[in-house]
Amino acid sequence: MSLGQWGQFGFNVQNTGTSDAWNVTLLDRLPEAAPGHVLHDTPGTQRQVFQADGVTPVAGKGPLVPGHGLLDQLRRRTTCELTLTELTAAGTISPNQRLIITYRTQLDANSQNGAQLTNVAGAVQWFNADSSVTTRQAFNRTLTDGTPGVLDFQDAHTVTVVSTTIAITKQVSVVGGGAALPGGSSTTWCA
């Protein structure tokens, strides 16, 4: 990622179980330590439940809106965490369906060139029924290192900070030598 440019990130959560996943909570833990870190824009380029193909929207499960079907929280402590919780039936992920959420992020201005920043994200809680069902079961998970290469509830992604610096030096040489004087003839190089 380059300083000052937006990067597109996202969740693509597929229910591989045999029952609906209700009130899914996603946690995105972003790096928040020197030599730089990632900041979130308001998440939500896209928030919707799709069929297994990840392209076909599920009827009746239109785009989720913060506060009306999806709770967004960005917390800053020693880490920067984005928590997204599905609140209504529109966000329920049925077997084989996918909840896809995309958002934009941007690097802090103090991020150092070449730094590798890794964020870990995953589904940390979901239920097998609506909150009105008193016997519903909770499924809780704890983020670790994202378990790269393992198909499970979490994943990790690393970006490398690219910082481009341009230096301009102006040099004046007087034709025939001597001091540069106003109105004199000179040749100018810019490098």
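Located above this text is the structure these notes cover.
Just so it is clear, the model here is predicted, and its values are computed rather than measured. Within each chain, residues carry numbers counting from 1 in the order of the written sequence. Note on the predicted model: pLDDT of at least 70 is required for a residue's local features to be given, and 80 or more for side-chain atom pairs to be given and counted; whole-chain, interface and lining totals, by contrast, use all residues. With hydrogens and water excluded, all non-hydrogen atoms of the structure serve as input to the side-chain values.

Asker: Which residues make up the layout of surface pockets, and what are the values?
Answerer: Site definitions follow a grid-based scheme: protein atoms alone, a 1 Å grid, a 1.4 Å probe that fits but cannot get out for cavities, and for pockets an open set with protein on both sides within 12 Å along at least five of seven lines, plus lining residues having an atom within 4 Å of a point. Grid points are joined across faces, edges and corners, and a volume is the space filled by probe spheres set on the points. What the largest pocket holds in volume is close to 940 Å³. Lining the largest pocket are 35 residues, with Asn-12, Val-13, Gln-14, Asp-152 and Phe-153 positioned closest to its centre. Of all elements in the fold, only strand 1 (7-14), strand 2 (22-30), strand 9 (98-107), strand 10 (116-127) and strand 12 (154-160) reach the threshold of two or more residues within the lining of the largest pocket. Counting from the N terminus, the helices are DSSP H or I runs at least four residues long and the strands are E runs at least two residues long. Take the lining of the largest pocket: its biggest share by element is 6 residues, from strand 1.

Asker: Tell me about the packing of aromatic side chains, residues and numbers included.
Answerer: Note on aromatic contacts: the rings of Phe and Tyr and the six-membered ring of Trp form a pair at centre separations within 6.5 Å, being stacked when their planes are under 30 degrees apart, edge-to-face when over 60 apart, and tilted otherwise. Evaluation of the coordinates by the stated rule reveals 3 aromatic pairs. Judged by centre distance (6.4 Å) and plane angle (20°), the rings of Phe-9 and Tyr-103 are stacked. Linking Phe-9 in strand 1 with Tyr-103 in strand 9, this pair joins segments that are 94 residues apart in sequence. Only protein chains enter the calculation, and the probe is 1.4 Å; a residue is then buried if its accessible area is under 20% of its type maximum, exposed if over 50%, and partly exposed in between. Taking the relative accessible area as the measure of exposure, Tyr-103 reaches 2% and is therefore buried. Ring centres 5.9 Å apart and planes at 15° place the aromatic pair Trp-126 and Phe-139 in the stacked group. In this pair, Trp-126 is assigned in strand 10 and Phe-139 in strand 11 (residues 138-140), connecting sequence segments 13 residues apart.

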